[in-house]
Amino acid sequence: APEHRAQTRPPGGPHPDLPSDPRAGPRRLSCPNGSGGSAAVKIIVCIKRVVDTATRVKIGPDGKSIDLGGVQYITAPYDEMAVEKAIQLRDGAGEGTVTVLTVGPAAATKERRTAPARGADEAEHVLCEEALGAAATTTALKAALEGRAYDLLLCGKQASDEDDAAVGPMLAAALDHPCVAFA
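Here the structure is a predicted model, which is why all the values come from computation and not from measurement.

Q: Give a description of the overall build of the protein that names residues and reports values.
A: When its secondary structure is counted, the protein shows 4 helices and 8 strands. Sequence-ordered secondary structure for the protein, helices as α and strands as β, is β-β-β-β-β-α-β-α-β-α-β-α. Long-range pairs, those at least 24 residues apart, make up 65% of the contacts in the protein with a sequence separation of at least 6. A total of about 11800 Å² of accessible surface is found on the protein, and carbon and sulfur atoms cover 53% of it.

Laid out in structure tokens, this is it:
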């Protein structure tokens, strides 16, 4: 694992990893691996299967639930953006892997397969046939991630079904990782 070192800068001074002229564009950063080169970056992206945002919702026969018959599913749009960002970061580093991780029913394999088609290297699926809330999803993802080596964990801002934006920050807290949300 890369060694993390705190860098100090004078108050109000530029961050050492950012160009002093914002018009200069982004700099390519490398992760030290002890040999003077850069290490392969390992990124994991959590994705969620949600009802297609273009679906016309029908009320179920009980008048309280949603009729899911004939509904199409997609990867949550913000999760798709996280996958794209992970691919850009990997490609910018020159080498590495992007692994997509999802929790859901066996039917979610379609959404899991779309990430490698977009450029992710691997896709993993934690099978769970019942619908999970944010806390249970966090527990399942934490169990799947424990003991694994990775440099960056990304989650989309929020899923388009529950719209609660809870899993990413809850997962960061459960894994004792720092979290950047809504930036």
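Q: Let's hear about the pattern of salt bridges: which residues, and what values?
A: By the definition in use, this model includes 7 salt bridges. In this structure, the salt-bridge partner of E111 is R49, at a minimum N-O distance of 3.1 Å. With E111 in helix α2 (residues 109-118) and R49 in strand β2 (residues 49-51), this pair connects stretches of sequence that are 62 residues apart. You can call E111 buried: its relative accessible area is 3%. Salt bridges linked by common partners bring R49, K110 and E111 together as one network.

Q: Explain the side chain of E111 to me, and be specific about the residues and the numbers.
A: Within polar-contact distance, the side chain of E111 engages the side chain of R49 at 3.1 Å. With sequence-adjacent residues up to four places away left out, E111 is seen in contact with I47, R49, Y73, I74 and T75.

Q: Describe helix α1 (residues 77-93), with residues and values.
A: If you check α1, its first and last C-alpha atoms are 25 Å apart, about what 17 residues at 1.5 Å a residue would give, namely 24 Å. Those residues of α1 that fall on the buried side of the exposure criterion are D79, A82, V83, A86, I87, R90 and A93. The buried residues of α1 occupy an angular sector of 140° when projected down its axis, which confines them to one face. Buried residues belonging to α1 abut β1 (41-47), β5 (73-75), β6 (96-104), α2 and β8 (152-155). Downstream of α1 by one or two residues, G94 has phi in the positive range, about 95°.

Q: Which residues make up the environment of K58, and what values do they have?
A: Tracing the backbone through its elements, the reader meets K58 in strand β3 (residues 58-59). Look past the residues within four positions of K58 in its chain and what remains in contact with it is S65, I66 and D67.

Q: Report on unusual backbone geometry, specifying residues and quantitative values.
A: One non-glycine residue with positive phi stands out, namely D176, at about 60°. Tracing the chain through its elements places D176 in the segment after α4 (167-174).

Q: I'd like a description of the sheet that holds β1, backed by residues and values.
A: Within a sheet, each strand pairs with its neighbour through backbone hydrogen bonds, oriented either parallel or antiparallel. Pairing is parallel across the open sheet formed by 4 strands, whose spatial order is β7-β6-β1-β8. Whereas interior strands pair on both sides, the edge strands pair on one side only; in this sheet they are β7 (122-127) and β8. Between one strand axis and the next, the sheet turns by 20° as a mean value, whatever way the strands run. Bridge analysis of β1 against β6 gives 7 bridges, and the strand direction is parallel. Bridge pairing links V45 to V100 in β6.

Rules and cut-offs
Residues numbered from 1 in each chain as written. Predicted model: local features only at pLDDT ≥ 70, side-chain atom pairs only at ≥ 80, totals over all residues. Heavy atoms only, no water. Helix = DSSP H or I, 4+ residues; strand = E, 2+ residues; numbered from the N terminus. Contact = heavy atoms within 4.5 Å. Areas by Shrake-Rupley, 256 points an atom, 1.4 Å probe, with all protein chains shown as cover. Salt bridge = Lys/Arg side-chain N within 4 Å of Asp/Glu carboxyl O. Buried < 20%, exposed > 50% of the residue type's maximum accessible area, 1.4 Å probe, protein only. Polar contact = N/O pair within 3.5 Å; in protein donor to acceptor, adjacent residues only side chain to side chain. Expected span 1.5 Å × (residues − 1). Arc of directions from axis to C-beta. Pairing = 2+ DSSP bridges. Axes fitted to C-alpha atoms, helices over the stretch in contact; angles between N-to-C directions.

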